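Fold and contact review
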Amino acid sequence: MKDNLVTGADARNKLIAGVRKVADAVKVTMGTGGSNAIIEAIESPGHLLTNDGWTIANSIVLADPLEDMGRKILLEAINRANKQSGDGSSTTCVLTAAILEEGLKHLDGASPMDIKRALEACVPLIEDAIAKQKRDITVDEVGKVASISAEDESIGAMLQDIYKLSRK
């Protein structure tokens, strides 16, 4: 029987290696200039072209169980963000990976619970910064955003029309 017990720094390194692999695959899809990923699919036509972070992260299976656990941590973060906002899977994936990597840098000599409390203390600061940066968008901008998200101007135009009707 194979001894597969990994602990301490070795376990953390494998976990973060999985997080990095998935975040690296997802981060290239971010933004208006982002690339698409091609994923092998069982059903016809045999591949899927997407820029959706959840779809990409969910389709990756890492051979090492600890690395795959890192992927599952990112999926959990993405699922929670999607429940709250309905989108932002790529951003959530990349931010979660960055937070985990930064947290691991400070783990030596610090209590994990102290790090958790420090991160929780930052939440109001982050919310404040986001509130200061947000702005209302026009009805025309709704169509533009929807077109980018759907990668289809006709869908963006339909959503813009629906939005206009709902505001009446």
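Nothing here was measured: the structure is a model prediction, and the numbers come from that model.

What follows concerns the pattern of salt bridges. Going through the model one piece at a time under the given rule, you end up with 12 salt bridges. Notably, a salt bridge pairs aspartate 64 with lysine 14, separated by 2.8 Å at the nearest N-O pair. With a gap of 50 residues between them, aspartate 64 in the loop between α2 (53–59) and α3 (65–85) and lysine 14 in helix α1 (residues 8–27) connect regions that are remote in the sequence. Connected through shared salt-bridge partners, Asp68, Arg71 and Lys72 make up one network.

Counting residues in each nonpolar core, the largest one holds 16 residues, and the members touching the most others are Val22, Ile56, Leu74 and Cys93. Ranked by residues supplied to this core, first place goes to α1 with 5 residues.

Here we take up the side chain of arginine 71. Within the secondary structure, arginine 71 sits in helix α3. Among the residues examined, arginine 71 registers a relative accessible area of 7% and is labelled buried. Sequence-distant contacts of arginine 71, that is, excluding residues within four places in its chain, are made with Gly18, Val22, Ala57, Asn58, Ile60, Val61 and Leu62.

Looking now at the packing of helix α6 (residues 139–150) against helix α7 (residues 153–166). Think of two packed helices as two axes; the pair is described by the angle between the axes and how far apart they sit. Between α6 and α7, the shortest axis-to-axis distance is 7 Å and the interhelical angle comes to 145°. Crossing handedness for the pair α6 and α7: right-handed. Judged by residue contacts, Val139, Asp140, Val142, Gly143, Ala146, Ser147 and Ala150 of α6 engage Glu153, Ile155, Gly156, Ala157, Leu159, Gln160, Tyr163 and Lys164 from α7. Class assignment for the residues of the contact of α6 with α7 results in 8 nonpolar, 4 polar and 3 charged.

Take helix α5 (residues 112–133) next. In this model, α5 (22 residues) spans 31 Å end to end at C-alpha, consistent with the 32 Å of a helix rising 1.5 Å per residue. Of all the bends in α5, the largest measures some 30° and sits at valine 123, one to four residues before the proline proline 124.

Taken as a whole, the largest pocket spans an internal volume of roughly 1200 Å³. In terms of lining, the largest pocket is formed by 29 residues, of which the most central are Ala77, Leu95, Thr96, Ile99 and Leu119. Within the residue set of the lining of the largest pocket, elements represented by two or more residues are α1, α3, α4 (89–105) and α5. Looking at the lining of the largest pocket, the element that brings in the most residues is α5, giving 10 residues. Class assignment of the residues belonging to the lining of the largest pocket gives a composition of 18 nonpolar, 5 polar and 6 charged. Quantified by volume, the second largest pocket comes out at close to 800 Å³. In terms of lining residues, the second largest pocket is bounded by 19 residues, among which Gly31, Asp87, Gly88, Thr91 and Val145 are the most central.

Cut-offs used in this document
Residues numbered from 1 in each chain as written. Predicted model: local features only at pLDDT ≥ 70, side-chain atom pairs only at ≥ 80, totals over all residues. Heavy atoms only, no water. Salt bridge = Lys/Arg side-chain N within 4 Å of Asp/Glu carboxyl O. Helix = DSSP H or I, 4+ residues; strand = E, 2+ residues; numbered from the N terminus. Core = buried A, V, L, I, M, F, W, Y, C linked by side-chain atoms within 4.5 Å. Buried < 20%, exposed > 50% of the residue type's maximum accessible area, 1.4 Å probe, protein only. Contact = heavy atoms within 4.5 Å. Axes fitted to C-alpha atoms, helices over the stretch in contact; angles between N-to-C directions. Left-handed = near helix turned anticlockwise from the far one by under 90°. Nonpolar A, V, L, I, M, F, W, Y, C, P; charged D, E, K, R; others polar. Expected span 1.5 Å × (residues − 1). Bend = angle between axes of the 7 residues up to and from the residue. 1 Å grid on protein atoms, 1.4 Å probe; cavity = no way out; pocket = protein on both sides within 12 Å on 5 of 7 lines; lining within 4 Å. Points joined across faces, edges and corners; volume = space filled by probe spheres on them.

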